Amino acid sequence: MTWSQIYNSDVISFNTFGTTTIVLNSREAATELMEKRSRIYSSRPPAPMLRELMGWDWTLVFQSYGSKWQERRKLFVKEFNVSQPDRHRPQEMKAVTTLLENLSHTPDDFLAHLRYMAGAIIMEVAYGIEILPRGDPYIETASRALDGVLHATVHGAFWVDYLPVLQYIPDWFPGASFKRKAKIWKEYTVEMLNKPYQEVMSHLASGNIIPCFVYNCLQNINNKKDIAYQETVIQEVAGNLYLAGTDTTVAALSSFFLAMVQNPEVQRKAQEDLDRVVGSGRLPNHDDQSNLPYVTAIMYEVLRTQPVVPLVVPHYTTEDDYYNGYFIPKNSVVIANVWAIDHDEERYPDPNTFNPSRWLTPNGSMIKSHRRDIMVNFGFGRRICPGMHMGLSSVWLTIASVLSTFDISEKIGENGKIVGVTGEYKPSSHNHPTPFECSIKVRPAKYEKLIHSLSTPE
Ligand code: HEM
């Protein structure tokens, strides 16, 4: 973003070992190239560290544009279709209710509770697996595998991505620590892909049917085609859900908690709306969303001020192209700088201020045209996030439910002094705040009863 300002251009490029990287710093440039010309801007760069060495070549997220990717994406989109917005709501409601109960018992562990909640939704939607409250083996394996991905997807983190020949040096060679790391991460990757899928298969073999993404897809297998191949595709697509859907949700919600500590007046206003619309006898649900525009605006402002994937996932050109007099060669890495787009002063005056009202009309209703503005956080063109509806739905429900039942504020330490928050973020391809402490207290006692009554079976 700074380079774009220095050179006074929304399109900048640099060259590393012969690879051209183009960074698009405006919504106009990103929309023109990645959406309107998405036929040639929809591949992914070769990533030897991730795909060859760490074994992620089966993932939708990192796959090159082509028939293999198209086939997997089609299967994914069928399950997460916008025309069935309520499809995964039961799993979301269940996981959010557990989150509220966990927060009421051990509020200091809120980051772990958020991770558990996001994992619980995904494992149930994908495999019908109910995860253990602590130390779940599936979640632990998947988190370790994902940890490797987050390291490897920081643009420029590993030299082997610029000099693919390095992948062939032996593991013991000086400077080959990336190969040793990749080997360990690969074991987690393979386990993450196989273990939960095998559990579904063994349930099915014993006649125990739990509806979920894998089961739904297996039901639709075409017996006239190669069955083993179709099963492999289903297994691979299911593996994408945890990879793409958990950490993104956790990043958005961690930023939400931080924003509430930093903006108490915003929190109070949302709670007034929630109390008026929902009352105190029940928790909010998705049907309340249209009556709670300020809560939706808080979600939008969280995603805008701290975009979850600030540089999106890099795209890759498959043909030469020209844009505004610039030549863009085939095989260029193209990055949409969503951070810059979300902090564009013309579109968002005073862009660093957390101001949910910017998404609303003076009488407090949502400005409809803004929906497209927030969508840039989910990427562009043919690669746009296919899980965005579920992502928005679970993030909204969590924000509304947490604000209904808890007050989030700065923590008072044992010495009676305020434990401040730095507001710093970790360097990673996903944008997480550095771990911080805050006070999370149940609002009036009646809410405490409500939380427990919802999660305790009668
Ligand atoms: C707040 C939540 C989320 C955010 C901000 C987010 C953001 C993104 C972004 C920026 C991309 C890259 C798009 C591009 O390359 O242009 C992406 C891709 C993807 N996301 Fe999400 N995502 C979220 C939640 C989810 C969820 C819940 C799922 C699954 C249920 C999911 C599944 C995927 C998949 C499979 C891809 C790869 C698509 C492809 O390469 O064709 N995401 N997401």
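Parameters at a glance
- Residues numbered from 1 in each chain as written.
- Predicted model: local features only at pLDDT ≥ 70, side-chain atom pairs only at ≥ 80, totals over all residues.
- Heavy atoms only, no water.
- Helix = DSSP H or I, 4+ residues; strand = E, 2+ residues; numbered from the N terminus.
- Buried < 20%, exposed > 50% of the residue type's maximum accessible area, 1.4 Å probe, protein only.
- Contact = heavy atoms within 4.5 Å.
- Donors = N, O, S within 2.8 Å, 3.2 Å for Na, K, Ca; no water.
- UniProt positions renumbered as here; feature names shortened; annotations may be inferred.
- Near = heavy atom within 4 Å.
- Polar contact = N/O pair within 3.5 Å; in protein donor to acceptor, adjacent residues only side chain to side chain.
- Nonpolar A, V, L, I, M, F, W, Y, C, P; charged D, E, K, R; others polar.
- Phe/Tyr/Trp six-rings, centres within 6.5 Å; stacked < 30°, edge-to-face > 60°.
- Lys NZ or Arg CZ within 6 Å of the ring centre and 35° of its normal.
- Expected span 1.5 Å × (residues − 1).
- Pairing = 2+ DSSP bridges.
- Axes fitted to C-alpha atoms, helices over the stretch in contact; angles between N-to-C directions.
- Parallel < 35°, antiparallel > 145°, perpendicular 65-115°, else oblique.
- Left-handed = near helix turned anticlockwise from the far one by under 90°.

**Concerning the side chain of Ser255**
In this fold, Ser255 is placed in helix H10 (residues 227–262). Ser255 gets classed as buried once you look at its relative accessible area, which sits at 4%. Discounting chain neighbours no more than four positions away, the residues touching Ser255 are Val302, Gln306, Tyr425, Asn431 and Pro433.

**Structural notes on the coordination of the iron atom of the ligand**
There is one protein donor for the iron atom of the ligand, and it is Cys385 (SG), at 2.3 Å. Mapped onto the secondary structure, Cys385 falls in the loop between helix H14 (370–375) and helix H15 (388–405).

**Re the UniProt feature "binding site: heme" (unreviewed entry) in the chain**
When the UniProt feature table is mapped onto this chain numbering, "binding site: heme" (unreviewed entry) sits at Cys385. With a relative accessible area of 26%, Cys385 lands in the partly exposed category.

**Concerning the site of the ligand**
Near the ligand lie 23 residues; those nearest to it are Arg44, Arg73, His315, Arg383 and Cys385. Phe380 is positioned such that a nitrogen or oxygen atom in its backbone is 3.0 Å from an oxygen atom of the ligand. One of the side-chain N or O atoms of Arg383 is found 2.8 Å from an oxygen atom in the ligand. Those elements giving two or more residues to the shell around the ligand turn out to be helix H4 (67–79) and H10. Of the residues belonging to the shell around the ligand, the class tally is 14 nonpolar, six polar and three charged.

**Points about the packing of aromatic side chains**
Per the counting criterion, the structure on display carries 10 aromatic pairs. With a centroid separation of 5.3 Å and 75 degrees between ring planes, the pair formed by Phe256 and Phe257 is classed as edge-to-face. Note on accessibility: Phe256 and Phe257 belong to one class, buried. Among the aromatic side chains, those forming a connected cluster through ring pairs are Phe110, Phe256, Phe257 and Phe436. Its guanidinium or amino end placed over the ring of Tyr294, Lys269 lies 4.6 Å from that ring's centre, counting from NZ or CZ.

**With respect to helix H5 (residues 89–105)**
End to end, H5 covers 25 Å across 17 residues, agreeing with the expected 24 Å (1.5 Å per residue, within 8%). Within the sequence span of H5, burial applies to Gln91, Glu92, Ala95, Val96, Thr97, Leu99, Leu100, Glu101, Leu103 and Ser104.

**Remarks on the sheet that holds strand E3 (residues 315–316)**
Reading across the sheet, the four strands line up as E1-E2-E6-E3 and stay open at both edges, with mixed pairing between neighbours. Each having just a single partner strand, strand E1 (11–16) and E3 make up the two edges of the open sheet. Bridge count for strand E2 (residues 19–24) against strand E6 (residues 333–336) is four bridges, and the pairing is parallel. By the bridge assignment, Val23 is partnered in E6 with Ile335.

**Some thoughts on the packing of helix H6 (residues 110–127) against H15**
At their nearest, the axes of H6 and H15 sit 12 Å apart, and the two run at 135 degrees to each other. By the angle between their axes, H6 is oblique relative to H15. For the pair H6 and H15, the crossing hand works out as right-handed. Residues Met117, Ile121, Ile122 and Val125 of H6 form the contact with H15, whose participating residues are Met390, Ser394 and Thr398. Split into classes, the residues belonging to the contact of H6 with H15 amount to five nonpolar, two polar and no charged.

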